[in-house]
Amino acid sequence: MSINTGHGLPFLPGNTFRDVTKSAHHRPQTLSYKNGYALPHRPKVGIGQAPLLSSELTQSEINQLSNQTPALTYGTTHYSPALDFIPAHVAYDKKVLRFYGYFQQEVLHSPQEGYRVRPVVIYYYQEDDSMCIMEPVVENSGIPQGKLIKRQRLPKNDRGDHYHWKDLNVGMDLVVYGTVYRVTHCDSHTQDFMESEGLVLNDPEPTPVDPYIQRRSQAGRSYITPPVFDRLKQFLTMDRKVLRFFALWDYTDSLYGEARPVTIQYYLVDDSVEIREVHEPNSGRDPFPVLLRRQRLPKNIKPACKPFPSCVLEVSPQEVHQYYSPKDFQVGETLQLMGRRFLLYDCDEFTKTYYQKNHPDLELKPKPVVKKTTELHDRHKVPPYNGFGSLEDSLQNCLSLIPEPPKKDLMKMLENDHKVLRYAARMDSQNPQDEGRRFILSYFLSNDMISIFETSTRNSGIIGGQFLEKTRIPKPGCTVDKPEFYGPADFAIGDTVEVFRHRFVLTDADHYVLKYLESISDQLPSRTLTSLRQRLGLDMAEKGGGAHTDPQSEDIERAEPSS
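An account of the accompanying structure is given in this report.

Calculation notes
- Residues numbered from 1 in each chain as written.
- Predicted model: local features only at pLDDT ≥ 70, side-chain atom pairs only at ≥ 80, totals over all residues.
- Heavy atoms only, no water.
- Salt bridge = Lys/Arg side-chain N within 4 Å of Asp/Glu carboxyl O.
- Buried < 20%, exposed > 50% of the residue type's maximum accessible area, 1.4 Å probe, protein only.
- Pairing = 2+ DSSP bridges.
- Helix = DSSP H or I, 4+ residues; strand = E, 2+ residues; numbered from the N terminus.
- Axes fitted to C-alpha atoms, helices over the stretch in contact; angles between N-to-C directions.
- Contact = heavy atoms within 4.5 Å.
- Polar contact = N/O pair within 3.5 Å; in protein donor to acceptor, adjacent residues only side chain to side chain.

1. Some points on the pattern of salt bridges
Here comes step 1: Following the criterion strictly, the structure yields 28 salt bridges and no others.
Here comes step 2: Asp-161 is the salt-bridge partner of Arg-159, the closest N and O atoms lying 3.9 Å from each other.
Here comes step 3: Residue classification places Arg-159 among the exposed positions, given a relative accessible area of 68%.
Here comes step 4: Among the salt bridges present, the one from Glu-258 reaches Arg-285, with a minimum N-O distance of 2.1 Å.

2. Focus on the sheet that holds strand β19 (residues 420–427)
Here comes step 1: Strand order in this open sheet of six strands is β22-β21-β20-β19-β24-β23, and the pairing throughout is antiparallel. The open sheet has two edge strands with one neighbour each: β22 (465–471) and β23 (496–499). With direction set aside, neighbouring strand axes in the sheet form an average angle of 30°.
Here comes step 2: The pairing of β23 with strand β24 (residues 502–509) spans four bridges and is antiparallel. When the sheet's bridge partners are listed, Val-499 is paired in β24 with His-502.
Here comes step 3: Against the sheet, helix α10 (residues 511–519) contacts β19 and β24, and its axis sits at roughly 125° relative to β19.

3. Let's talk about the side chain of Arg-260
Here comes step 1: The residue Arg-260 is located in strand β12 (residues 259–267) in this model.
Here comes step 2: What makes Arg-260 buried here is its relative accessible area of 14%.
Here comes step 3: For Arg-260, the side chain forms a polar contact with the side chain of Tyr-251, separated by 3.3 Å.
Here comes step 4: Those residues in contact with Arg-260, other than ones at most four positions away along the chain, are Ala-247, Leu-248, Trp-249, Tyr-251, Glu-277, His-279 and Arg-285.

4. Considerations on unusual backbone geometry
Here comes step 1: In this model, Asp-129 sits at a positive phi of 60°, which is unusual for a non-glycine residue.
Here comes step 2: As for its placement among the helices and strands, Asp-129 is situated in the loop between β6 (115–125) and β7 (130–135).
Here comes step 3: Here the phi dihedral of Arg-240 falls at roughly 65°; this positive angle occurs in a residue that is not glycine.
Here comes step 4: Secondary-structure assignment places Arg-240 in the loop between α6 (231–238) and β11 (242–250).
Here comes step 5: Take Arg-240: its relative accessible area is 79%, and that puts it in the exposed class.

5. Quick word on the sheet that holds strand β10 (residues 179–186)
Here comes step 1: Judged by pairing direction, the sheet is antiparallel, and its six strands sit side by side in the order β8-β7-β6-β5-β10-β9 without closing on themselves. In this open sheet, the two edge strands, each paired with only one partner strand, are β8 (146–152) and β9 (173–176). Averaged over all neighbouring strand pairs, the angle between strand axes comes to 30°, with direction disregarded.
Here comes step 2: Here strand β5 (residues 96–106) pairs with β6 via eleven bridges, running antiparallel. Within the sheet, the bridge partner assigned to Tyr-100 lies in β6 and is Val-121.

These figures come from the coordinates and say nothing about function on their own.
Shown next, in the form of C-alpha cells:
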C-alpha cells in the first residue's frame, strides 16, 4: 500500500487532501523545445509514484542517463529530408486519362438499320476523380452530338461508390446511367500512367463499323448516260457560271422606236436566258429592268405544232425541237429572240475566255456603238435672291421640299471661337451732325460676321449702343447671287468700309489685330500689315514718350461690343 507522503496517511479514498495553496491546475508538460529539438523536462515516473526530481539524483546516475543512446540498441537511424506536402489538385492539375470507346444505339422502325455504332471519348480527370464522356461531331449526321455526359463523378453501383482510375481498363464495359460503353483503347499518356501504377492493360480492340455508314460508302448503281443529257454533271460543273452579252434592242422601225441598251445573260447551268434593260439615271423609265424573265428560249418548234397559235397556248417542252445554245450567241451579229432584234456588240471577259476555250471556231467581232447623247439642260434653275434672310438659308428652300439648315464649318468655329478683331472707325457722312460719332467695328473670325458698336459721346445728343447686329457685310459692286463679303484683308487703317450705304473710315485697331494678322501674313496684302504697324507703332512711341494717347484707341479697350 502506498503512503501519501504529503500528510503521512494511506493513499486510500478519503485520506487525500486538496492543496489549497495550488494555483496552477494545468496539465504539466514533460517536453520542451529548444533550437527546434524536443528535450525532456523531467524523467518519466510510474502511476502512483512520486515524481523524481533531478536534484535527488546522484551525479553518476545523471551521467549514466545522458550517456545512454538508442543507437547502441536499435542501430543508426537514417533520416531523410522531409518533403513538402503537395495537394492532389496541384499535383494532378491538367492531367487527364483518355480512353476511346463506343456504344450501340438501337434504331426502331427502320428497315435499313437495326442499331448504330456511335464512338465516344472518355476523359478521367485525376485532380478530382471526375469523368466526362464526349462524342466527336460528324458533319450532317442529324444526331445531337458533342458532350453526352458533363464532367462529374460517375456512380459505380447502387451502394454510392464512384468510378476510380483503378477500375478502368481497355476491353471492358463501362456502365453509366444504363448505357453500356465499350472501352477499346487509350492514348500513350494513359498507358504510361497505368503501367507505372502496376496495372496491366488489356489488348486494344478495333471499333466496329457502323452498318449504315458502311452501306452509304458502297458505290451505287451506275448508269451509262450520254454526256449531252447528263444534267447532274452540267449542274456540278456549270453552277454560277453566266455568259453576259451587251446588246442593243433595235425597234427603230416602229412608232417612237429607238435603240435601247440591254444585257443578255445566258446561264450555263440550265441553258436559260434572261434579258435586262440598262436604265440611265433620270431616264423616266419604270424601275423594272427585267425585259424577259429567266427561261429557256425555243429556237425551233416541231413542224406539227407551228400552225397552232402560241398566243392561245404556251409552247411546252414536248413541242420544242431545239433550244438556244451558246453557239447561237455570236458577238457582232443580230439575234432574233421572241420576235425582237438584238445586236450583240460586246461581252465581258469571262464570256470571251469561255468561247476561246470551248468554241474556238466562233470568232468574236465586237462592234463600237455610238450611244445617243442628249443635251443636258438646266432642269433646276435657282430663283434670284429676294433679300429675306441669309443667302445660304434662302437657298435651302430651293434645294428640298423640307428645307434644312445650311451646313457650317465646325472646325473653323471651334478653332476661332471667342476670337474677335476690333477696329476704331468714324462715320464719313455729309451730315454735320455725324462728325463726332465714333464706332467700334468687331470682326468675328468664327463665322466672318461683323457688328458695329457706337460709343457714347457727352453732350452729342446721340444715344450710343449697338449700331449693327452680327451679320455678314457684302462688298459694294458685287451681285446679289454671288456676293463677296468683307474679310480681315480688307481692313487697313485709313480705308473706307461701306456698310449698307453707310461709310466708315478705319482709324485705329487693337494690338491683337496686328498679332493675329502677322501669324497669317502670307494670306494678306502687305498694305494692310504696313498700315497697322505704322499706326500701332506710333501709338507705342507716344505712350513711351509720356504723350497723351488717342481717345479712339482708349475706346477700343474700354467698350465691349454687343454680340
